[in-house]
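These are the residues of each chain, in order.
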Amino acid sequence: MADSIMSKAATMEIPINSNGDTGTLTEDDSLEQNLWFSIIFHMSDLQQVMVSGPNLNETSIVSGGYGGPAGGIIPTSTIKGSSNHNASNSTEEVTRGVAVEKLDSVKKWGINTYKCTKQMFSERFGRGSRTVDLELEAQIDVLRETKNKYENILRLATALINHFQCMVQTQQALGDTFTDLSQKSPELQDEFGYNAETQKLLCKNGEALLGAINFFVSSINTLVNKTMEDTLMTIKQYENARLEFDAYRSDLEEMSLGPRDAAAMVRIEMAQQEYQIHRDKYERLRSDVTIKLKFLEENKVKVMHKQLLLFHNAISAYFAGNQQQLEQTLIQFNVKLKPPGSDKPSWLEEQ
């Protein structure tokens, strides 16, 4: 395979004009040639390393004493035994095996990268065809749009929590101040007292509402940044597989239009095998994406039905001043409030 790549690079046509100067290449043709030269350059370096690696049989040892042969240089061949010779041969075989394996890996990567890059530029400049699943791509677009909208809900709900938290803290401080003044102002003790009780009740209900909104935000965050993100990762793999499939499909179509001699038939057979491998991968990932989109939609409806009902009931009960309904809403949706001061670090953590 490497020989065929090298021969292709050696016979690559360069346009010449009537004056003998090289013609101007189009932008995409120039990118293709640069990519080929880069791949061939790196593979040639690896071939050189594999073939002309260090010869362990020609190693020598420099002696630091006087009177040694050749000015202190002692050939190791004079002191090596048969065991050392066998060990050096084994080391050479392992080194060459690793080099061959790396070379094959770089070959496959280079060829695959070239084909995919060529296909990508062909699609971008309108010279190539691509496989399109209109129904699936429409569902993917809807998912990306839905994710953006849900992320906006997360930002707004988080801002609501921050602002409401400030209000609850202000109510708590105001209630404490009223309580202190009721003890120090006998003539206004009753007035300060019932204002202090009102602020403490509002603070208690505010903390309950904060617990409900935090539960709402946590659930949507899991839906958006875990469930949807997992599906989008599978979609990314599917899109890469689609590009590879189209690249090898286009390559096979080009070969099928060429000559039909024995060497060409061998290349066409190998291209057919690669095409089938990438087709199977593409169809498998397309099926995975379809299944994940279906389950994601069902999970999204289930989660949002529960969370939107929680959000509505909690907000309505709080602003209606219905403390009993607010508490029942928290129990209904199994929302557990954090005890006061639980967010603060312990004395051990502060040390």
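Predicted model, so just to flag it, every value in this text is computed and none were measured. (Residues numbered from 1 in each chain as written. Predicted model: local features only at pLDDT ≥ 70, side-chain atom pairs only at ≥ 80, totals over all residues. Heavy atoms only, no water.)

1. With respect to the overall build of the chain
A count of helical and extended segments in the chain gives 8 helices and 2 strands. When its helices and strands are written in sequence order, the chain yields α-α-β-β-α-α-α-α-α-α. Looking at the chain as a whole, 30% of its 351 residues qualify as buried. The contacts in the chain between residues at least 6 apart in sequence include a share of 78% that link residues at least 24 apart. Accessible surface computed for the chain: about 23,100 Å², of which carbon and sulfur atoms make up 56%. (Helix = DSSP H or I, 4+ residues; strand = E, 2+ residues; numbered from the N terminus. Buried < 20%, exposed > 50% of the residue type's maximum accessible area, 1.4 Å probe, protein only. Contact = heavy atoms within 4.5 Å. Areas by Shrake-Rupley, 256 points an atom, 1.4 Å probe, with all protein chains shown as cover.)

2. Focus: helix 7 (residues 323-332)
Within the sequence span of helix 7, burial applies to Leu-326, Thr-329 and Leu-330. Summarising the axial view, the buried residues of helix 7 lie within an arc of 95 degrees, below the 170-degree limit, and thus occupy one face. Residues of helix 7 that are exposed and point more than 90 degrees away from the buried face comprise Gln-324, Ile-331 and Gln-332. Two or three places before Gln-324, at the start of helix 7, stands the capping residue Asn-322, its side-chain oxygen 3.4 Å from that residue's backbone nitrogen. (Arc of directions from axis to C-beta. Polar contact = N/O pair within 3.5 Å; in protein donor to acceptor, adjacent residues only side chain to side chain.)

3. Quick look at the packing of helix 4 (residues 134-184) against helix 5 (residues 189-256)
Packing of helix 4 against helix 5 leaves a shortest axis separation of 7 Å and a crossing angle of 160 degrees. On the basis of their axis angle, the class for helix 4 and helix 5 is roughly antiparallel. Seen from above, helix 4 lies across helix 5 with left-handed handedness. Residue classes in the contact of helix 4 with helix 5 are distributed as 30 nonpolar, 17 polar and 8 charged. (Axes fitted to C-alpha atoms, helices over the stretch in contact; angles between N-to-C directions. Parallel < 35°, antiparallel > 145°, perpendicular 65-115°, else oblique. Left-handed = near helix turned anticlockwise from the far one by under 90°. Nonpolar A, V, L, I, M, F, W, Y, C, P; charged D, E, K, R; others polar.)

4. Points about helix 5
An ideal rise of 1.5 Å per residue puts 100 Å on 68 residues; helix 5 measures up with 98 Å between its terminal C-alpha atoms. Approximately 35 degrees is the largest bend angle found in helix 5, and it occurs at Glu-229. (Expected span 1.5 Å × (residues − 1). Bend = angle between axes of the 7 residues up to and from the residue.)

5. A word on the pattern of salt bridges
Under the counting rule described, the total for this entry stands at 18 salt bridges. We note a salt bridge from Arg-249 to Glu-253, for which the minimum N-O separation is 3.2 Å. With Arg-249 and Glu-253 both in helix 5 and 4 residues apart, the pair spans about one turn of that helix. Residue classification places Glu-253 among the partly exposed positions, given a relative accessible area of 42%. Salt bridges here are not isolated pairs; linked through shared partners, they connect Glu-123, Arg-130, Glu-137, Arg-242, Asp-246, Arg-249 and Glu-253. (Salt bridge = Lys/Arg side-chain N within 4 Å of Asp/Glu carboxyl O.)

6. Description of the environment of Cys-203
Assignment of secondary structure puts Cys-203 in helix 5. In sequence terms Cys-203 and Thr-170 are 33 residues apart; their C-alpha atoms lie 8.8 Å from each other.

7. Observations concerning unusual backbone geometry
Within the chain, Asn-334 stands out as a residue other than glycine whose phi angle is a positive 55 degrees. Relative to the helices and strands, Asn-334 resides in the loop between helix 7 and helix 8 (347-350). Judged by relative accessible area, which is 55%, Asn-334 ranks as exposed.

8. Considerations on the side chain of Gln-199
Residue position: Gln-199 is located in helix 5. Residue Gln-199 is classed as buried on the basis of its relative accessible area of 14%.

9. Here we look at the packing of aromatic side chains
By the definition in use, this model includes 8 aromatic pairs. Through successive ring pairs, a cluster of aromatic residues spans Tyr-238, Phe-245, Tyr-275 and Tyr-282. The ring of Phe-121 has Arg-124 sitting right over it, with the charged end atom 5.8 Å from the ring centre. (Phe/Tyr/Trp six-rings, centres within 6.5 Å; stacked < 30°, edge-to-face > 60°. Lys NZ or Arg CZ within 6 Å of the ring centre and 35° of its normal.)

10. Describing the confidence of the model for the chain
Of all residues in the chain, 71% attain a pLDDT of 70 or more, and the chain-wide mean is 78. Of all secondary-structure elements in the chain, the lowest mean pLDDT belongs to strand 1 (residues 60-62), at 42, while helix 4 reaches the highest, 95. Segment residues 76-80 is flagged for pLDDT under 50; beyond a separation of four residues in sequence, or across chains, it makes 7 contacts in the model. Scored below 50 in pLDDT, residues 346-351 shows 1 contact in the model against residues more than four places distant or in partner chains. (pLDDT = per-residue confidence, 0-100.)

11. Concerning the packing of helix 6 (residues 262-319) against helix 7
Close contact between helix 6 and helix 7 brings their axes to 8 Å; oriented N to C, the two are set at 160 degrees. By the angle between their directions, the pair helix 6 and helix 7 is classed as roughly antiparallel. At the point where helix 6 passes helix 7, the crossing takes the left-handed sense. Between helix 6 and helix 7, the contacting residues are Leu-310, Asn-313, Ala-314 and Ala-317 on the first element and Gln-325, Leu-326, Thr-329 and Gln-332 on the second.

12. Notes on the side chain of Lys-115
With respect to the element layout, Lys-115 can be found in helix 3 (residues 82-124). We classify Lys-115 as buried; its relative accessible area is 16%. Filtering out sequence-adjacent residues up to four positions away, Lys-115 remains in contact with Ala-247, Tyr-248 and Asp-251.

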